[in-house]
Amino acid sequence: QVQLAESGGGSVQAGGSLRLSCAASEFTYCVGWFRQAPGKGREGVAHICAGGGVTSYAGSVKGRFTISQGSAKNTVYLQMNSLKPEDTAMYYCGAGRFLNDYNYWGQGTQVTVSS
């Protein structure tokens, strides 16, 4: 019954930054960000568990993206820096009790990076 809502997407130039938010209706132990671009499958981007004590990232975003938990424990952020055109995708968040095993999903927010 947990509901998730993503926000913060938009259009930026290469090298720019965006911060995505995932707000949950109630606390969940783990949250992950995923993305899907045209012609490609869903790709896991970053995950956070245990109140921010455990994080993981896809190799393609390491050093550029940071996942974090907000002061409000039911909100998770994805700070995206040094954006590249290949980051263009629909971004989704999922949540659940275990890492990469999510029961609840948001509707997505579009990120477009121009060259």
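This write-up is about the structure you can find in this document. The structure displayed is predicted, hence computed values, not measured ones.

The rules behind these values
Residue indices begin from 1 for each chain and proceed along its sequence in written order. In keeping with the model being predicted, local features are shown solely for residues with a pLDDT of at least 70 and side-chain atom pairs are shown and tallied solely at 80 or more, while totals for entire chains, interfaces and linings include all residues. Excluded from the side-chain calculations are hydrogens and water; all other atoms, namely the structure's heavy atoms, are used. Salt bridge, as used here, is a side-chain nitrogen of Lys or Arg placed within 4 Å of a carboxyl oxygen of Asp or Glu. Put simply, DSSP H or I for four residues or longer makes a helix, DSSP E for two residues or longer makes a strand, and each gets a number counted from the N terminus. Each residue is assigned to one of three classes by its accessible area relative to the maximum for its type, calculated with a 1.4 Å probe on protein chains only: buried under 20%, partly exposed between the two thresholds, exposed over 50%. Cysteine sulfur atoms are paired as a disulfide whenever they come within 2.5 Å of each other.

**Examining the pattern of salt bridges**
Opposite charge on two side chains allows them to pair when their charged atoms are near.
In step 1: What the rule picks out here adds up to three salt bridges.
In step 2: The closest approach of N and O atoms between D87 and R35, which form a salt bridge, is 2.9 Å. Here D87, found in the loop between β8 (75-80) and β9 (89-96), pairs with R35, found in strand β4 (residues 30-36); they are 52 residues apart in sequence, far enough to count as distant. Each of the two residues, D87 as well as R35, counts as buried.
In step 3: Between R64 and D87 there is a salt bridge, with its nearest N and O atoms 2.8 Å apart. Taken as a pair, R64 in the loop between β6 (54-57) and β7 (65-69) and D87 in the loop between β8 and β9 lie far apart in primary sequence, 23 residues in all.
In step 4: Residue class for D87 comes out buried when judged on its relative accessible area of 1%.
In step 5: Among the charged side chains, a network of salt bridges with common partners joins R35, E43, R64 and D87.

**Comments concerning the state of the cysteines**
In step 1: Summed over the entire model, instances satisfying the criterion amount to two disulfides.
In step 2: There is a disulfide in this structure between C22 and C93, and the S-S distance comes to 2.2 Å. Every disulfide takes its handedness from the sign of the S-S torsion; for C22 and C93 that torsion is 70°, giving right-handed. Taken together, the residues span a long stretch of sequence, with C22 in strand β3 (residues 18-24) and C93 in strand β9 at a distance of 71 residues.
In step 3: Residue C22 is classed as buried on the basis of its relative accessible area, which comes to 2%.
In step 4: Here C93 falls in the buried class, since its relative accessible area comes to 0%.
In step 5: For C30, the disulfide goes to C49, at an S-S distance of 1.9 Å. Residues C30 and C49 share a disulfide whose torsion about the S-S bond is about 125°; that sign makes it right-handed.

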